[in-house]
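Report on the structure
Here is how the chains run, residue by residue.
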Amino acid sequence: MPAALILLTVLGSLVPAPQAALAASQGTASIAAGGYQSCSIESGKAYCWGDNGFGELGDGSTAGSSVPVAVDTSGVLAGKTLTQIAAGGGFTCALDTAGAAYCWGLNNWGNLGDGSTTSSGVPVAVDTGGVLAGKTLTQIAVGGDHACALDSSGAAYCWGLNSSGELGAGSTADSSVPEAVDAGGVLAGKTLTQITAGDESTCAVDTEGVAYCWGLNNYAQLGDGSGAVFSTVPVEVDAGGALAGRTLITAGESDACALDTAGAAYCWGGNAYGELGDGSTVAASIPVPVDASGVLAGKTLTQITAGGAADHTCSVDAAGAAYCWGDDDGGDLGDDTNGTQSDVPVLAGPQAPTGVTAVPGDATATVSWTAPASLDTGTLTGYTATASPGGASCTTTSATTCTITGLTNGTTYSITVVAHTTAGDSGASTPDIVTPTGGPAFTSDPADTASFGMPFSFTVTAAGSPAPRITRTGRLPSGVRFARHGNDTATISGTPSGTAAGTYPLTLTATNPAGTATQAFTLTITPAP
């Protein structure tokens, strides 16, 4: 059997496979590149940038933006936490934690799925009165002028333009409400796990890693080798060619890209706008590596998506930072260089803090950093420093230092810092490594009494992490000695001589990387009874 497909996405939206989930809750949780807009989700809220002629940015206006703007949350998204976002040709859709879908932007063919063909510059709820009644959606995908989703049982639904059968319902009739994809034929008995929508085609993958596609096939995008112009029902993709073994794949208007298991990106196809990201505008018929010598140096990419009706690509790294390359018409790249295309990746949105250092304390880490060089025209609203594992954090509104408490002494943590701005969050900074230590403290008594001529032994103990080193200063009586045993114990022992009677003040010191503790210790030698 050919290598199972992990994820297949065509022309505009991507739903990450489980192993491509983004790190922690920092930075960008989902990213999508559409026709002339890009969008992301950060902390359950949606942000979009680029062209906005149809309201596809969702901020209630039709003004384009070369930096991320917040999608309106005063209507159907009030109180909602978004988990996935997908962008297409002039419209955008998202899912919330309850499995409900929302769309905004162009609606000429019922793209928004709300039962109308009225465009909207703010989110509207996708109709749940028909085939979606009682369904919980788990994935969403947006193409040129249609959208599709999967429910928790692995069934597929689509709505919008259907001129080439891209809804998969066995007809070419448009639909302004969701329709069930034909589950007979090749999908009989299959459970779908992933779905993606292209310009006028749709593809999905089942639990066995087998791919199926339907809709337009003028460039053989259905992958079944049939040569048919289109198919209104799903057909099985021939997985023995270029798709075999890919970890993550996405296709744009004239190019395609993939991530390998090491998190490196490769692209192939048309390259007039630098959409292959290899530092050139030369087309490639086989995959070429996306340039990793600039902003991607040392980065591990976890998600990738290509613009459906435009020539740009975006990706996310393991720290949650977003990068884009290719055409920038309408500010698609999100780096505040509206109209300036890039044939190598650029950072989208605010830069991350730099120079992070963490100083260990007793169950704490004091973190400091340098402010980002660019906030991408946004205004700083604060910082969050986070320790991993565990997720303990500290926040500031403007200061570039704070102290994380509640850590475990002796545990090694990776500390990262995220900048929060009105243009969205930065990715996580390069981490610093720290191991908190507990300050030393004596746990034994500060005095002991012995008789001359009689053997005795007193154990000195001190606590701390790591274990402190114990030393002493002061004169000992004849016949008595001080000895260390490991790093957290010592003994004062011996047989005092007959001339040793008296009081002997000593200073005991316990030291570890977290600090120093002293104890005034008194040894009293008395005559034998």
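Our structure's up above, just so we're on the same page.
Source: prediction; values computed, not measured. (Residues numbered from 1 in each chain as written. Predicted model: local features only at pLDDT ≥ 70, side-chain atom pairs only at ≥ 80, totals over all residues. Heavy atoms only, no water.)

Attention now moves to the overall build of the chain. Scanning the chain for helices and strands turns up 0 helices and 40 strands. A separation threshold of at least 6 residues defines the contact pool for the chain, and within that pool the share at least 24 residues apart is 53%. Total accessible area computed for the chain in this model is approximately 19700 Å², and 52% of it derives from carbon and sulfur atoms. (Helix = DSSP H or I, 4+ residues; strand = E, 2+ residues; numbered from the N terminus. Contact = heavy atoms within 4.5 Å. Areas by Shrake-Rupley, 256 points an atom, 1.4 Å probe, with all protein chains shown as cover.)

Attention now goes to the sheet that holds strand E8 (residues 120–125). Spatially, the 4 strands line up as an open sheet ordered E5-E6-E7-E8, and their pairing is antiparallel. Edge strands, defined here as strands with exactly one partner in the open sheet, are strand E5 (82–87) and E8. Direction aside, the axes of adjacent strands within the sheet are offset by 20 degrees on average. Here 3 bridges tie strand E7 (residues 101–105) to E8, and the two strands are oriented antiparallel to one another. If you follow glycine 105 over to E8, its bridge partner there is serine 120. (Pairing = 2+ DSSP bridges. Axes fitted to C-alpha atoms, helices over the stretch in contact; angles between N-to-C directions.)

This brings us to the nonpolar core. Buried together is how nonpolar side chains tend to be arranged in soluble globular proteins. Ranked by internal contacts, the top residues of the largest apolar core, which has 21 residues, are Phe442, Val460, Ile470, Phe482, Ile492, Phe521 and Leu523. Those elements giving two or more residues to this core turn out to be strand E35 (456–465), strand E37 (480–485), strand E38 (489–494), strand E39 (502–512) and strand E40 (515–526). In this structure, valine 460 is in contact with Phe442, Ser444, Ile470, Asp488, Thr489, Ala490, Ile492 and Leu508, ignoring residues within four places of it in sequence. (Core = buried A, V, L, I, M, F, W, Y, C linked by side-chain atoms within 4.5 Å. Buried < 20%, exposed > 50% of the residue type's maximum accessible area, 1.4 Å probe, protein only.)

Turning to the sheet that holds E35, a few remarks are in order. Where strands meet in a sheet, backbone hydrogen bonds hold them as pairs that are either parallel or antiparallel. Read from one edge of the open sheet, 4 strands run E33-E35-E38-E37, paired in antiparallel fashion. Single-partner strands in this sheet number two, and they are strand E33 (438–442) and E37. In this sheet, adjacent strand axes meet at a mean angle of 20 degrees when their direction is disregarded. In this structure, E35 lies alongside E38, joined through 6 bridges in antiparallel fashion.

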